[in-house]
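Structure assessment
What follows is each chain in one-letter form.
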Amino acid sequence: MPAKLSMQGLYKVFGPAPEEAVELARGGSDKDEIYRRTGSVVAVNNVNLEVAAREIFVVMGLSGSGKSTLVRCINRLIEPTSGQLLIDGQDVLQADEEGLRQLRLNKVSMVFQHFALFPHRTVAENAAYGLKVRGVGAAERRAKAVEALEAVGLGAWADALPANLSGGMQQRVGLARALAVDPEILLMDEPFSALDPLIRRDMQNELLALQERYAATIVFITHDLHEALTLGSRIAIMRDGAFMQVGPPEEIVGAPADDYVANFTKEVDRSRVITLGRIARRDRPLLAPSEEAAAASRKLQDAEVQGLLVADSNGKPLGSVSATALLGADPAAKVEDIMERPALTGERDTPLAAVLEAGALGAPVALLDNQGRIDASVDPGDLLSALAAARAEDQNLRVGGTA
Amino acid sequence: MTDFLSWLSPSHYGRLPFADWVQWLVRDWLVPNFRPAFQAMQWPVDQVLRGLEAALLAIPFPVFTLVLLLLAWRFAGRGVALFTLVAMLFIDAIGVWAETMTTLAMILTAVFFCAIAGIPLGIWSARSDRVAATLRPVLDIMQTIPPFVYLVPIVMLFGVGMVPGVIATIIFALPPIIRLTSLGIRQVSEELVEAAIAFGATQRQILFDVQIPLAMRTIMAGLNQTLMLALSMAVIGALIGAGGLGLTVYTGLGRLDVGRAAVGGVGIVLIAIVLDRITQGLGDPSLRDGTWTFSGSVRRLLGLAPPRMQEKLGT
Ligand SMILES: Nc1ncnc2c1ncn2[C@@H]1O[C@H](COP(=O)(O)OP(=O)(O)O)[C@@H](O)[C@H]1O
Ligand SMILES: [Mg+2]
């Protein structure tokens, strides 16, 4: 499947000598050196990315790392200096003024850090602005705007002025304005940074729900790692205009590409980020309900695990037995008589922290395929050692960070 | 000592015929070559002025006073409305009602053309730094040249009468509306303009949806200043044949008739105060609910309250 949005070798230089600066950047000079030699700032430095349809792609970096510039290159609020930018396979940088306007009208909409609501227009008029620009009639655009406002929980505020709303509500209006045009791509430049943490958490959850409903592809900018981990299907870490690492959240946290990324991630509680998918294995034996305890014990010892799953003939989970249960059981007893029901199950992206009880119970966790059969399993021993390793790593990094 | 230093003064060696140059430029070049063009410029001013003056003089005193009172009440509050009533009664009582209407027609005509020329120029200079840089010295000159200086070429080009008076007034009163329109538009937050662009707005849509509405308060302040400057030209305009209250003052001056001059002066001052308060009210949202919109103003005028907001929510 072709990417919804892709960039190849994108550069943006602010200042007097853009071409020269790009040449230097291609030659490997860094941002400071280029600034010293040309007086130009390389804000986006050779960014390559592919965003799949319906993905939430998060770009994270410190202030000044070029995030806002990058996201504005996508709808050409800022004109890239060089590189290629495709949306649905169409070359955006070749588009003429009208083509660009069509893109903004129909495909790409945007949510801003400081909301950027029009203070002289009501909430509904704000939400309807994209439709007004498109030339949609007053009644239809009001209906769509109110629908979008209802989706963000502000249906009752349609005729208020933005100044009468709290910050969180204002950003919901910003979100409704962007969603009212049914965008395929939603650009969000630190949309929740100006909100206080509790409201930010709500907004993040709501965004996830809205993304399901509107089926948009989202490019989300943030400087908050927790936010990135909560929202991102993939995260890019940006520094001095360049991507340092791109990957799914657990990879960013579990295997930071360098110290810069590790520094970002060191404050994160890994047990909330590392997922079952990362430690699950497919090579664990399964028990049949009719097996005898003695045979089951042998399998357990051979596999060097602390518990085994019991499955029916179709591979669907029935329950599990732990090492302690097997040791205490009559060797001739049937597995089905001593097993715990039902089996614990989880998803590939369930964080370890969510199944801590499994480790405590000594019960394995089953990961199911889409027919409900056991696809892989996580042994309680693996679970505990992964947790321990994560904790230890957290400690080390914290110690290392302060040293 | 002074004699000794006189060799440093250029006038010691003769005189530069600057006056002759200007005389030549205006009388022998500008007037013969461009008189028709200037005459043509006169036409629209003449039309508007005549129409307005005829209308104002045709409206009976009580009707006019009532309308002005209503405007004052809606846009500037009860106090100003009361003041307007008293001022109009006084103007009529001292016998200069007709002159006041003539002056008002001239002022409004001048302000009308200032707005028509000044607001687009202001918008243009807000959008282009080059235009702004070109316009700035021109506006500076317009604001510093004493109006008496350009009365002469105006008379040479346009003759004497009401219309030349209005044209002199336009030149004098134009700068603030240009400057403040430009300022107002440049002050509109970059982020809001960016948001409009991001949603696909055209330059025109950005201008009318975002920039002008948000600059309206400043533009109105410019209009107010332009109006006040126009009023201050009432007497000077009388020098070149404009009538109205200015003429009353001017004739009073010529005959050393203090009373007559005072009658004209008081008329000008009263009309200035009333117009100032009303136009300030137009541009000041604190006197209204919400921001300036045309329909909102009409609603206000008709006494229909615009939709009010519920109590403000905390963050
Ligand atoms: N209009 C501009 N002119 C010059 N430099 C700019 C401009 N916009 C951004 N920059 C520079 O580009 C770099 C990236 O800025 P920005 O994209 O705003 O970063 P972020 O959004 O990550 O904080 C910074 O060094 C900033 O100073
Ligand atoms: Mg930014």
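Use the structure listed above.
My aim in this report is to walk through the structure given alongside it, one point at a time. (Residues numbered from 1 in each chain as written. Chains lettered and ligands numbered in written order. Predicted model: local features only at pLDDT ≥ 70, side-chain atom pairs only at ≥ 80, totals over all residues. Heavy atoms only, no water.)

What about a nonpolar patch on the surface?
All names here are of chain B. The grouping of Phe 4, Leu 5, Trp 7, Leu 8 and Tyr 13 at the surface amounts to a nonpolar patch, some 620 Å² of accessible area in total. Mapping Phe 4 onto the fold places it in helix H1 (residues 2–5). Exposure remark for Phe 4: the relative accessible area of 56% places this residue in the exposed category. (Patch = residues over 30% accessible without salt bridge, like charges linked within 9 Å, V, L, I, M, F, W, Y side chains within 5 Å. Areas by Shrake-Rupley, 256 points an atom, 1.4 Å probe, with all protein chains shown as cover. Salt bridge = Lys/Arg side-chain N within 4 Å of Asp/Glu carboxyl O. Helix = DSSP H or I, 4+ residues; strand = E, 2+ residues; numbered from the N terminus. Buried < 20%, exposed > 50% of the residue type's maximum accessible area, 1.4 Å probe, protein only.)

Brief notes about the sheet that holds strand E8 (residues 217–222) of chain A
Residues and elements named next belong to chain A. Read from one edge to the other, the open sheet built from six strands follows the order E6-E7-E8-E3-E9-E10, with strand pairing classed as mixed. Each edge of the open sheet carries a strand with a single partner, namely strand E6 (108–111) and strand E10 (242–247). If you compare each strand with its neighbour and ignore which way they point, the axes differ by 20 degrees on average. For strand E7 (residues 185–189) and E8, the ladder comprises five bridges, and the chain directions are parallel. Following the sheet pairing, Leu 186 is matched in E8 by Ile 218. (Pairing = 2+ DSSP bridges. Axes fitted to C-alpha atoms, helices over the stretch in contact; angles between N-to-C directions.)

Considerations on the environment of Met 228 of chain B
Residues and elements named next belong to chain B. Its location among the elements puts Met 228 in helix H10 (residues 203–232). Residue classification places Met 228 among the partly exposed positions, given a relative accessible area of 23%. Spatially, the C-alpha atom of Met 228 lies 9.6 Å from that of Val 111, the residues being 117 residues apart in sequence. The contacts of Met 228, once residues within four sequence positions are left out, are Ala 272, Leu 275 and Asp 276. (Contact = heavy atoms within 4.5 Å.)

Details of the sheet that holds strand E4 (residues 82–87) of chain A
Strand pairing within a sheet occurs via backbone hydrogen bonds; the two strands may be parallel or antiparallel. Residue and element names in this part refer to chain A. If you walk across this open sheet you meet the four strands as E2-E1-E4-E5, and the pairing is antiparallel. The open sheet is flanked by strand E2 (41–51) and strand E5 (90–91), the only strands paired with a single partner. With respect to the sheet, helix H1 (residues 18–26) is in contact with strand E1 (5–14), E2 and E4, its orientation differing from that of E1 by roughly 120 degrees.

Examining the packing of helix H5 (residues 97–127) of chain B against helix H8 (residues 162–187) of chain B
Residues and elements named next belong to chain B. Axis separation between H5 and H8 bottoms out at 6 Å; the angle between their running directions is 40 degrees. The two elements H5 and H8 cross, and the hand of that crossing is right-handed. Of the residues assigned to the contact of H5 with H8, the class counts are 17 nonpolar, nine polar and one charged. (Left-handed = near helix turned anticlockwise from the far one by under 90°. Nonpolar A, V, L, I, M, F, W, Y, C, P; charged D, E, K, R; others polar.)

Here's the deal with the site of ligand 1
Residue and element names in this part refer to chain A. With respect to spatial proximity, the complete set of residues near ligand 1 consists of Phe 14, Lys 31, Val 41, Ala 43, Leu 62, Ser 63, Gly 64, Ser 65, Gly 66, Lys 67, Ser 68 and Thr 69. Within the side chain of Lys 31, one N or O atom sits 3.2 Å away from an oxygen atom of ligand 1. Between ligand 1 and Ser 65, the relevant distance is 3.2 Å, taken from an oxygen atom to a main-chain nitrogen or oxygen of the residue. Isolated, ligand 1 exposes 560 Å² of accessible area, and the fraction of that covered by the protein chains is 60%. (Near = heavy atom within 4 Å. Polar contact = N/O pair within 3.5 Å; in protein donor to acceptor, adjacent residues only side chain to side chain.)

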